[in-house]
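Breakdown of the fold
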Amino acid sequence: MDGKDFGLQTTETQTETLSAERQITTQTAESVLGEDGIVRVRMLPGTKEDLASAKATIAALSELCDGGKRAVIVDMAGTLSATQDARRYYSSEHATDCMTACAMLVGSPLSKVLGSFFLGLNKPRHPMRLFTSEPEAVSWLKGYQT
């Protein structure tokens with residue numbers, strides 16, 4: 001499935017070291033493949049996830065993984081809510097196919113509750129943990145990079 005099916009915007013930016021950084025933005029998330037090989041998904045402020053937006057986010061993630069598997073950080077700070085269908089889809093085999101492990105960044109009490117709720121109700125198909133700092137999440141994910 002091509003990310004264009006969901007109206008995704010793909011951009012590439014050059015850093016000072018001339019390494020490309022790929023970014024895809026959907027209505028609810030911004031996904032970036034960093035130089036370190038980790039995909040960072042940042043939920044946009046005020047995000048209310050439903051099945052369609054979850055599918056668009058996973059399409060962007062799959063496009064950045066380019067047929068392989070990658071470690072993923074999901075910053076849930078912008079998330080206000082997620083429907084049951086969206087949560088179910090995020091834990092499906094299709095949605096997690098391109099992940100080696102997932103670190104969920106939580107900061108607000110609401111994102112912490114949503115993350116804990118997700119982990120408690122869904123059986124992740126790969127290693128998954130909640131973190132409050134990105135450096136800790138990156139350190140943990142390095143053990144799962146391919």
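Here's what I pulled together on the structure shown here.

What counts and what doesn't
Residues numbered from 1 in each chain as written. Predicted model: local features only at pLDDT ≥ 70, side-chain atom pairs only at ≥ 80, totals over all residues. Heavy atoms only, no water. Salt bridge = Lys/Arg side-chain N within 4 Å of Asp/Glu carboxyl O. Helix = DSSP H or I, 4+ residues; strand = E, 2+ residues; numbered from the N terminus. Buried < 20%, exposed > 50% of the residue type's maximum accessible area, 1.4 Å probe, protein only. Arc of directions from axis to C-beta. Contact = heavy atoms within 4.5 Å. Polar contact = N/O pair within 3.5 Å; in protein donor to acceptor, adjacent residues only side chain to side chain. Pairing = 2+ DSSP bridges. Phe/Tyr/Trp six-rings, centres within 6.5 Å; stacked < 30°, edge-to-face > 60°.

So, on to the pattern of salt bridges. Under the counting rule described, the total for this entry stands at 5 salt bridges. For the salt bridge of Glu30 with Arg42, the shortest nitrogen-to-oxygen distance reads 3.6 Å. Of this pair, Glu30 sits in strand β3 (residues 29-33) while Arg42 sits in strand β4 (residues 39-43), placing them 12 residues apart in sequence. According to the relative accessible area criterion, Arg42 is partly exposed, its value standing at 33%. One salt bridge connects Glu134 with Arg40, and the closest N-O pair in it is separated by 2.5 Å.

This brings us to helix α5 (residues 134-141). Those residues of α5 that fall on the buried side of the exposure criterion are Ala137, Val138, Trp140 and Leu141. Looking down the long axis of α5, one finds its buried residues gathered within 165° of arc, a one-sided arrangement. Seen from the buried face of α5, the exposed residues on the opposite side, beyond 90 degrees, are Pro135 and Ser139. Its buried side turned inward, α5 meets β4, β6 (70-75), β8 (99-105) and β9 (128-131). With a side-chain oxygen lying 3.3 Å from the backbone nitrogen of Glu136, the N-terminal cap of α5 falls on Ser133.

Before going further, it helps to spend a moment on the pairing of β8. Looking along a regular strand, one sees side chains alternate from face to face of the sheet. With 7 of 7 residues buried, β8 is to be regarded as a mostly interior element. The sheet contact formed by β6 and β8 spans 6 bridges and is parallel. Residue pairing in the sheet places Asp75 in a bridge with Leu105 of β8. Where β8 lies against β9, 4 bridges are found, and the strand directions are parallel.

To describe a pair of aromatic rings, you give the distance between the ring centres and the angle between the ring planes. One pass over the full model with this rule turns up 2 aromatic pairs. Plain terms: the ring middles of Phe131 and Trp140 are 5.5 Å apart, the flat faces sit at 45° to each other, and that makes the pair tilted. Classification of Phe131 as buried rests on a relative accessible area of 6%. Judged by its relative accessible area of 16%, Trp140 is buried. Three or more aromatic residues joined by ring pairs form one cluster here, namely Phe131, Trp140 and Tyr144.

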